[in-house]
Amino acid sequence: MGFGWAVMFLGVVALALAFLYAPPEVTMGDRQRIMYFHVASAWNAYLAFFVVFVSSILYLRKGERRWDRLALSSAELGVFFTTMALVSGSIWGRSVWGVWWTWDPRLTTTLILWFLYLGYLLLRSGEEDPRRARLAAVLGIIGFVDVPIIHMSVIWWQSLHPVVIRPGKVDMVPPMVLALVASVFAFTALYFYLLRWRLGLEALRERMMLLRERLR
Amino acid sequence: MSLYLRQVATLFWKDVLVELRSREILSSVGLFCLLLLLVFSFAFNPLEKDLRPVFPGILWTAFYFAGTLGIGRAFLPERAGEAFSGLLLAPVDRGAIFISKFLSTFTFMLLAEIVLTPVFFALTRTPFTASPGAFLLALLVGTAGFASAGTFLSASLSALRAGELLLTVLLFPLLAPAVIGAVRLTEALLTGEAEMASLWFKALGAYDIIFLVVPWILFDHLTQEV
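What you see is a predicted model; the values in this text were computed from it and never measured.

Calculation notes
- Residues numbered from 1 in each chain as written.
- Chains lettered and ligands numbered in written order.
- Predicted model: local features only at pLDDT ≥ 70, side-chain atom pairs only at ≥ 80, totals over all residues.
- Heavy atoms only, no water.
- Helix = DSSP H or I, 4+ residues; strand = E, 2+ residues; numbered from the N terminus.
- Rg over C-alpha atoms; globule rule 2.2 N^0.38 Å.
- Buried < 20%, exposed > 50% of the residue type's maximum accessible area, 1.4 Å probe, protein only.
- Contact = heavy atoms within 4.5 Å.
- Areas by Shrake-Rupley, 256 points an atom, 1.4 Å probe, with all protein chains shown as cover.
- Lys, Arg positive; Asp, Glu negative; His and termini not counted.
- Charge placed at Lys NZ, Arg CZ, Asp CG, Glu CD.
- Expected span 1.5 Å × (residues − 1).
- Bend = angle between axes of the 7 residues up to and from the residue.
- Core = buried A, V, L, I, M, F, W, Y, C linked by side-chain atoms within 4.5 Å.
- Salt bridge = Lys/Arg side-chain N within 4 Å of Asp/Glu carboxyl O.
- Polar contact = N/O pair within 3.5 Å; in protein donor to acceptor, adjacent residues only side chain to side chain.
- Nonpolar A, V, L, I, M, F, W, Y, C, P; charged D, E, K, R; others polar.
- Patch = residues over 30% accessible without salt bridge, like charges linked within 9 Å, V, L, I, M, F, W, Y side chains within 5 Å.
- Arc of directions from axis to C-beta.
- pLDDT = per-residue confidence, 0-100.
- Axes fitted to C-alpha atoms, helices over the stretch in contact; angles between N-to-C directions.
- Parallel < 35°, antiparallel > 145°, perpendicular 65-115°, else oblique.
- Left-handed = near helix turned anticlockwise from the far one by under 90°.
- Phe/Tyr/Trp six-rings, centres within 6.5 Å; stacked < 30°, edge-to-face > 60°.

Draft legend 1. Representation of the overall build of chain B in the model. On a plain count of helices and strands, chain B comes out with nine helices and zero strands. Starting at the N terminus and ending at the C terminus, chain B contains elements arranged as α-α-α-α-α-α-α-α-α. Computed over its C-alpha atoms, the radius of gyration of chain B comes to 18 Å, within 12% of the 17 Å expected for a compact globule of 226 residues. Expressed as a percentage of its 226 residues, the buried residues of chain B come to 52%. Here the analysis covers contacts within chain B between residues at least 6 apart in sequence; of these, 82% occur between residues at least 24 apart. Accessible surface for chain B amounts to roughly 10,200 Å². Of this, 71% is attributable to carbon and sulfur atoms. The averaged location of the 16 negative side-chain charges in chain B is 4 Å from the averaged location of its 14 positive side-chain charges.

Spelled out as structure tokens, the structure:
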């Protein structure tokens, strides 16, 4: 239980730093504050997909169920955080750029990533089948390997078109940096907290399936 | 010829023979491709608008969509009568099975593309301004990565219930670089931007190699039938 309280404490500290301590940005004003949560979500998304990648390799090599559980749980959280990043970025984009979406390389890569792991979850939502788990693991590896390639290709794709809107380069004053670091830290703690619960849930579900089998 | 190559060649020839007798993949892929061209023509109206700027996009969308159809069918004959289990039991390297399946899918797709490309140019009234050799090479690099990633996914998905439905959903995000690369390359070839063309040739080539080698390594894990 201590973990949960610690995460909550970190969250409150991050909120306070982001909304009270950090000064409003010169041109964007308070609208810039969404960045603290946006960056933290995006960072967590990449962290979560990296965990999927590593645990997929371990699952294929060792064949232990717990690595598969870890990959599935982390993928779900990764999609959640990617959604958060896309939505928060879109809201920010609407208020600062004036558009909900632009085909900026980073945005496009994140969107493709979101589709990729949504497909991963769709694959996992079918009936229990070790083949499904193995294919998911393979996809978890290939998908992650594909990320830098997707990013490169999207950058080149865009380089041929005039980019109408570029995200402003943000030079941050120290209080902003502190708020951002705190926010990233709090979100990462949240990720691990949720991951632990999700893993526990998956283990329980598997035990239930086993019991059901035995009762049959 | 080494044993490995002979295994690949034998398996590849088997697929070619099956296709020669049934003509299932080539006819359905080709027909679907033409129908897509028809749909695009209705949607964009080549008589009123200049389709040149969007032509590469039309071409590759049709090829990839139709290709998905062919890829989805690649392993179906193997599933009938448990032929795939037989194939796995045969003293053949799993990698060779993958390579041969990739080669046959790739060959069928490329054949359909070569036949249909002139039709696309003619019906959309786009002048063919590229060098034929370079264009053929573009078709080749644009198709190889697609065929490889597709074959790989299809191999495992065909064993699952409703697996074919998942194929497109899983395939296209992975293929995003290939789609971008193929369209940009074709564009560069048609407008004569040599520098751009060579950049995309290299990029697609690298993508193809990665998507041939990684599935080839991982294929063994996918085919451990339970």
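That shown, we press on.
Draft legend 2. Seen up close, the overall build of chain A. The number of helices and strands found in chain A is six helices and zero strands. In chain A, the order of α-helices and β-strands from amino to carboxyl end is α-α-α-α-α-α. A principal-axis box enclosing the C-alpha atoms of chain A has dimensions of 65 × 50 × 25 Å. Within chain A, the proportion of its 216 residues that are buried is 47%. Of the contacts formed within chain A by residues at least 6 apart in sequence, a portion of 78% connects residues at least 24 apart. With 22 positive and 14 negative side-chain charges, chain A shows a separation of 3 Å between the mean positions of the two kinds.

Draft legend 3. Spotlight on helix α6 (residues 94-123) of chain B. All names here are of chain B. Between its first and last C-alpha, α6 extends 43 Å over 30 residues, near the 44 Å set by a 1.5 Å rise per residue. Leucine 116 marks where α6 bends most, by close to 35°; the proline proline 118 follows one to four residues later. Arginine 125 occupies a position one or two residues after α6 and carries a positive phi of about 55°.

Draft legend 4. Geometry of the nonpolar core. Ranked by size, the top nonpolar core spans 126 residues in total, and within it Tyr120 and Leu123 of chain A together with Phe120, Leu153, Leu157 and Leu185 of chain B carry the most contacts. Counting residues per element, this core draws most heavily on helix α8 (residues 163-191) of chain B, which supplies 15 residues. Other than its neighbours up to four places away in sequence, leucine 185 of chain B contacts Ala138, Val141, Ala197, Trp200, Phe201 and Leu204 of chain B.

Draft legend 5. Spatial organisation of the interface of chain A and chain B. Contacts between chain A and chain B engage 30 residues on the former and 30 residues on the latter. The interface formed by chain A and chain B holds zero salt bridges in total. Remark: the boundary between chain A and chain B carries zero residue pairs in polar contact (both at pLDDT 80 or more). Every element with two or more residues in the side of chain A that touches chain B is listed here: α4 (105-124) and α5 (130-159) of chain A. Among the elements that make up the side of chain A that touches chain B, the one with the highest residue count is α5 of chain A (18 residues). Here the residues of the side of chain A that touches chain B are counted per class, giving 20 nonpolar, four polar and six charged.

Draft legend 6. Quick peek at the pattern of salt bridges. All names here are of chain A. All chains considered together, the criterion is met by twelve salt bridges over all chains. The partner of arginine 66 in a salt bridge is glutamate 64, and the shortest N-O contact between them spans 3.1 Å. Of the charged contacts in the structure, one is a salt bridge between arginine 198 and glutamate 76, with a shortest N-O distance of 2.5 Å. You can see arginine 198 sitting in helix α6 (residues 174-215) and its partner glutamate 76 sitting in helix α3 (residues 65-96), a full 122 residues away along the chain. Here the salt bridges do not stand alone but share partners, grouping Arg65, Asp68, Arg69, Arg124 and Glu206 into one network.

Draft legend 7. Representation of a nonpolar patch on the surface within the structure. On the surface, a nonpolar cluster with roughly 450 Å² of combined accessible area is contributed by Leu31, Leu35, Leu38 and Phe42 of chain B. As for its position among the elements, leucine 35 of chain B is in helix α2 (residues 24-44).

Draft legend 8. Quick peek at the environment of leucine 174 of chain B. All names here are of chain B. Mapped onto the secondary structure, leucine 174 falls in helix α8. On the basis of relative accessibility, which here comes to 2%, the residue leucine 174 falls in the buried class. As a C-alpha pair, leucine 174 and glycine 150 span 24 residues in sequence and 9.6 Å in three-dimensional space.

Draft legend 9. The arrangement of helix α1 (residues 3-22) of chain B in detail. Residues and elements named next belong to chain B. Taking 1.5 Å as the rise per residue, α1 with 20 residues should run 28 Å; its terminal C-alpha atoms sit 29 Å apart, in good agreement. Listing the buried residues of α1 in full gives Gln7, Val8, Leu11, Asp15, Val16 and Glu19. Looking down the long axis of α1, one finds its buried residues gathered within 170° of arc, a one-sided arrangement. Of the exposed residues in α1, the ones pointing more than 90 degrees away from its buried face are Leu3, Thr10 and Arg21. Just beyond α1, the residue with positive phi is arginine 23, at close to 50°.

Draft legend 10. Local environment of the confidence of the model for chain A. Of all residues in chain A, 93% have pLDDT values of 70 or greater, and the mean over the chain is 83. Averaged pLDDT values for the elements of chain A fall to 81 in α5 of chain A and rise to 90 in helix α2 (residues 34-62) of chain A.

Draft legend 11. Just the packing of helix α1 (residues 2-21) of chain A against α6 of chain A, in detail. Residues and elements named next belong to chain A. Here α1 crosses α6 at 155°, and the two axes come no closer than 8 Å. Taken as axis vectors, α1 and α6 run roughly antiparallel relative to one another. In this structure, α1 crosses over α6, and the sense of that crossing is left-handed. The residues of α6 that touch α1, namely those facing Phe3, Gly4, Val7, Leu10, Gly11, Ala14, Leu17, Ala18 and Tyr21, are Pro175, Leu178, Ala179, Ala182, Ser183, Phe185, Ala186, Ala189, Leu190, Phe192, Tyr193 and Arg196.

Draft legend 12. Summary view of the packing of aromatic side chains. Residue and element names in this part refer to chain A. On inspection of all chains with the given rule, the structure shows 29 aromatic pairs over all chains. Ring centres 5.5 Å apart and planes at 65° place the aromatic pair tryptophan 114 and phenylalanine 115 in the edge-to-face group. On the basis of relative accessibility, which here comes to 22%, the residue tryptophan 114 falls in the partly exposed class. Classification of phenylalanine 115 by relative accessible area gives partly exposed; the value is 39%. Here the aromatic cluster, defined as three or more aromatic residues joined through ring pairs, consists of Phe19, Phe37, Phe80, Phe81, Phe187, Tyr191 and Phe192.

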